[in-house]
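Each chain, written out:
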Amino acid sequence: MKSVFQRIRQWLAGLSFRTGVIVLACCIPFYILSFAQLAFPFFSAETKGVLWVVLFGLAKTFQYGGLTILGVEGYKRLKAKFRR
């Protein structure tokens, strides 16, 4: 099982810096949606719970996937761009 995760991680790390930034940026709308849907009164509590789990899970998946694609050097490069 560990080798499967290592192969996926190696494949993700082989993608470009631009792809990593795009995937990382995709987590922002899912974070917004995961919390914004709680304000809608026409959803039941169960529906809100399921939507929150799914949307928050997608946000975390995009976040960690983007960070894996960027890697340490890509993260430093992105951080330096925001500091300028």
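Calculation criteria
- Residues numbered from 1 in each chain as written.
- Predicted model: local features only at pLDDT ≥ 70, side-chain atom pairs only at ≥ 80, totals over all residues.
- Heavy atoms only, no water.
- Helix = DSSP H or I, 4+ residues; strand = E, 2+ residues; numbered from the N terminus.
- Buried < 20%, exposed > 50% of the residue type's maximum accessible area, 1.4 Å probe, protein only.
- Contact = heavy atoms within 4.5 Å.
- Expected span 1.5 Å × (residues − 1).
- Bend = angle between axes of the 7 residues up to and from the residue.
- Axes fitted to C-alpha atoms, helices over the stretch in contact; angles between N-to-C directions.
- Parallel < 35°, antiparallel > 145°, perpendicular 65-115°, else oblique.
- Left-handed = near helix turned anticlockwise from the far one by under 90°.
- Nonpolar A, V, L, I, M, F, W, Y, C, P; charged D, E, K, R; others polar.

Asker: With reference to specific residues and values, describe the overall build of the protein.
Answerer: For the protein, the count of helices and strands is four helices and zero strands. Of the regular secondary structure in the protein, the N- to C-terminal order runs α-α-α-α. C-alpha atoms of the protein, sized along the principal axes, occupy 45 × 40 × 15 Å. For the protein, the proportion of its 84 residues judged to be buried stands at 20%.

Asker: Tell me about the side chain of Ser 34, residues and numbers included.
Answerer: Note on placement: Ser 34 falls in helix H3 (residues 27-36). Setting aside its immediate chain neighbours within four residues, Ser 34 contacts Trp 52, Leu 55 and Phe 56.

Asker: A description of helix H4 (residues 45-83) should follow, citing residues and the corresponding values.
Answerer: The end-to-end C-alpha distance of H4 is 41 Å, clearly below the 57 Å that 39 residues give at a rise of 1.5 Å each. Of all bends in H4, the biggest is about 100°, found at Gly 71. Those residues of H4 that fall on the buried side of the exposure criterion are Lys 48, Leu 55, Ala 59, Gln 63, Gly 65, Gly 66, Ile 69, Leu 70, Gly 74 and Leu 78. Tucked into the core, H4 has its buried residues touching helix H1 (2-13), helix H2 (17-25) and H3.

Asker: How would you summarise the environment of Ile 69 if you had to cite specific residues and measurements?
Answerer: Turning to its location among the elements, Ile 69 is positioned in helix H4. Along the sequence, Ile 69 and Gly 49 sit 20 residues apart, while their C-alpha atoms lie 30 Å from each other. When residues no more than four places from it in sequence are discounted, the contact partners of Ile 69 are Leu 12, Ala 13, Leu 15, Ser 16, Thr 19, Gly 20 and Val 23.

Asker: Outline the packing of H2 against H4, supporting the account with residue identities and numerical values.
Answerer: The contact between H2 and H4 brings their axes to 8 Å, and the two run at 130°. Judged on the interaxial angle alone, H4 and H2 are oblique. Crossing geometry of H2 relative to H4 is assigned as left-handed. On H4, the residues touching Phe 17, Thr 19, Gly 20, Val 21, Val 23 and Leu 24 of H2 are Phe 62, Gln 63, Gly 65, Gly 66, Leu 67, Ile 69, Leu 70, Gly 74, Arg 77 and Leu 78. Residue composition of the contact of H2 with H4, grouped by class: nine nonpolar, six polar and one charged.

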